[in-house]
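As a plain string of letters, each chain reads:
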Amino acid sequence: MSAVQPRLAPSEMVLDYDKRLMLVSGRANPDLAGKIAARLGVQLGGMTLKTFANGEVYCRFEESVRGADVFIVQPTCGNPQAGLSANDALMELLIMVDAAVGGSAHRVIAVSPWYGYSRQDKKSAPREPISARLVARMLEAAGIDRIVTMDLHSGQIQGFFQKPCDHMTALFMLTQYFGDLRLEDLVVVAPDAGRVKLNKRFASKIGADLAILNKERPAQQVAEIGYVIGDVEGKTAVIVDDIIGTAGTLKAAAQAVHDAGARRVYAAATHGNFSGDAWENLAAARFEQVVVTDTIPLPPGAPDNVRVLSCADLLTSSIRQIFTDGSVSQVFGGENQLF
């Protein structure tokens with residue numbers, strides 16, 4: 001007669017768990033966060049955010065985040081209207097993440113379409129920091145479970161994270177925009193050798209030829225354009241980059257393309273990080289249009305030829321896929337590796 005086998009306890013406990021999404025915004029780009037909220041059909045979560053007289057940043061969630069997937073929309077860029085510098089925005093994001101973790105959020109996802117310090121992604125000289133890696137470590141130490149970003153200066157920055165990094169791209173938005181313009185005799189111009197792969201894909205999407213600028217950078221934020229490799233004479237040129245900063249490089253590039261005989265010159269970039277003498281440089285560059293997205297809020301005084309496309313739809317789709325445990329790569333059909 002066999003012994004009675006003891007009844008084993010189940011290996012898991014199944015609960016009726018209602019997932020909850022909360023979307024909150026820092027002060028770096030609240031307009032973009034509001035557009036995402038409208039597309040998701042939710043209200044932005046209440047936040048108290050302020051800077052004390054001594055420069056320290058304070059935050060507090062005004063409602064419970066316990067058990068929620070908290071998406072924090074905060075590109076690490078400055079916002080003069082909010083009195084925020086890029087470093088303030090980074091610190092504010094870190095503090096918001098820490099507050100969400102301390103409030104027992106289920107997951108904390110940083111939605112940072114502009115990843116600050118991304119241009120400092122390697123050592124260009126001895127004894128320099130790799131600041132992009134440091135920022136990744138800071139965000140993970142604060143407690144993020146995931147980060148959503150757009151068009152990193154180099155795709156390898158994803159390797160600085162041990163948490164999932166969803167790398168979105170504005171390539172399809174920008175190519176769609178230029179496709180709709182129905183420009184003739186198009187040539188896409190890479191501003192340097194590092195952007196050739198991006199520009200090659202951009203050109204193939206809109207059915208254009210490709211040219212390359214010979215650029216050297218003798219010092220930080222100083223660029224020297226030598227000559228154009230390729231045929232731009234009599235054509236409409238589109239200079240495509242990931243970031244526009246002071247626009248000094250872009251001004252020199254436009255001049256080189258004009259000198260090579262281009263009939264009209266456009267510029268396109270994901271991140272309009274306009275700073276310093278950007279508006280003066282763009283005004284002197286004779287661009288037909290300068291097209292950017294709203295990953296970074298546009299500073300006041302923009303010239304009339306600056307066009308801003310919203311990336312809210314793209315980020316909304318990504319957030320929805322993350323929340324529902326869907327496939328983020330399906331947003332692009334798996335085609336978001338640009339570099």
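Preceding block: the structure.
Draft legend 1. Fine view of the sheet that holds strand β5 (residues 107-111). Pairing in this open sheet of five strands is parallel, and the strands run β1-β4-β5-β6-β7 from one edge to the other. The strands lining the two open edges of the sheet, one partner per strand, are β1 (21-25) and β7 (165-168). On average, adjacent strands in this sheet sit at an angle of 15° to one another, irrespective of strand direction. Sheet analysis places strand β4 (residues 69-73) next to β5, joined by five bridges and oriented parallel.

Draft legend 2. Summary view of the pattern of salt bridges. For the coordinates displayed, the defined rule picks out 12 salt bridges. K19 is the salt-bridge partner of D325, the closest N and O atoms lying 3.3 Å from each other. With D325 in the segment after α8 (312-323) and K19 in the segment before β1, this residue pair connects regions lying 306 residues apart in the sequence. Judged by its relative accessible area of 58%, D325 is exposed. The class for K19 is partly exposed, based on a relative accessible area of 34%. Between K235 and D231 there is a salt bridge whose closest N-O contact spans 4.0 Å. With relative accessibility at 15%, the residue K235 sits in the buried group.

Draft legend 3. Fine view of the pairing of strand β8 (residues 186-190). Within β8, five of the five residues are buried, leaving the element largely enclosed by the surrounding structure. In β8, alternate side chains face the same way, and those of L186, V188 and A190 on one face and V187 and V189 on the other are all buried. In this structure, β8 lies alongside strand β11 (residues 236-244), joined through four bridges in parallel fashion. Looking at β11, one finds that L186 is bridged to T236.

Draft legend 4. The layout of surface pockets, seen in detail. Approximately 170 Å³ is the volume attributed to the second largest pocket. Along its surface, the second largest pocket is lined by R39, T169, F172, M173, S310, A312, D313, L314, V331 and F332. Sorting the residues of the lining of the second largest pocket by element identifies α4 (171-181) and α8 as the ones contributing at least two each. Among the elements that take part in the lining of the second largest pocket, α8 stands out by supplying three residues, more than any other. Class assignment of the residues belonging to the lining of the second largest pocket gives a composition of six nonpolar, two polar and two charged.

Draft legend 5. The arrangement of helix α1 (residues 30-40) in detail. Of all the residues in α1, the buried ones are L32, A33, I36, A37 and L40. The arc that holds the buried residues of α1, viewed along the axis, is 140°, so those residues lie on one side. Looking at α1, the residues exposed on the side facing more than 90 degrees away from the buried face are D31 and A38. Elements in contact with the buried residues of α1: β1, β4 and α8. Two residues or fewer after α1 comes G41, characterised by a positive phi angle close to 75°.

Draft legend 6. Structural context of empty space enclosed by the protein. In the structure shown here, the tally under the stated rule is one cavity of 30 Å³ or more. Size it by volume and the largest cavity reaches roughly 60 Å³. Taken together, 12 residues line the largest cavity, and the ones lying closest to its centre are D151, L174, L198, D241 and T270. In terms of residue count, the dominant contributor to the lining of the largest cavity is β11 (three residues). Along the lines of polarity and charge, the residues of the lining of the largest cavity split into seven nonpolar, two polar and three charged.

Draft legend 7. Structural detail: the packing of aromatic side chains. Applying the stated rule across the entire model yields six aromatic pairs. Ring centres of F52 and Y58 lie 5.8 Å apart, and the angle between their planes is 55°; this geometry places the pair in the tilted category. Among the residues examined, F52 registers a relative accessible area of 38% and is labelled partly exposed. Y58 gets classed as partly exposed once you look at its relative accessible area, which sits at 30%.

Draft legend 8. Seen up close, helix α2 (residues 86-102). Counted at 1.5 Å a residue, the expected span for α2 with its 17 residues is 24 Å, and the 24 Å between its end C-alpha atoms agrees. Listing the buried residues of α2 in full gives A89, L90, E92, L93, L94, M96, V97 and A100. Each element contacted by the buried residues of α2 is listed here: β1, β2 (47-51), β3 (57-61), β4, β5 and α3 (131-142). Directly after α2, the chain includes S104, whose backbone phi takes a positive value near 70°.

Thresholds, definitions, all that
- Residues numbered from 1 in each chain as written.
- Predicted model: local features only at pLDDT ≥ 70, side-chain atom pairs only at ≥ 80, totals over all residues.
- Heavy atoms only, no water.
- Pairing = 2+ DSSP bridges.
- Helix = DSSP H or I, 4+ residues; strand = E, 2+ residues; numbered from the N terminus.
- Axes fitted to C-alpha atoms, helices over the stretch in contact; angles between N-to-C directions.
- Salt bridge = Lys/Arg side-chain N within 4 Å of Asp/Glu carboxyl O.
- Buried < 20%, exposed > 50% of the residue type's maximum accessible area, 1.4 Å probe, protein only.
- 1 Å grid on protein atoms, 1.4 Å probe; cavity = no way out; pocket = protein on both sides within 12 Å on 5 of 7 lines; lining within 4 Å.
- Points joined across faces, edges and corners; volume = space filled by probe spheres on them.
- Nonpolar A, V, L, I, M, F, W, Y, C, P; charged D, E, K, R; others polar.
- Arc of directions from axis to C-beta.
- Contact = heavy atoms within 4.5 Å.
- Phe/Tyr/Trp six-rings, centres within 6.5 Å; stacked < 30°, edge-to-face > 60°.
- Expected span 1.5 Å × (residues − 1).

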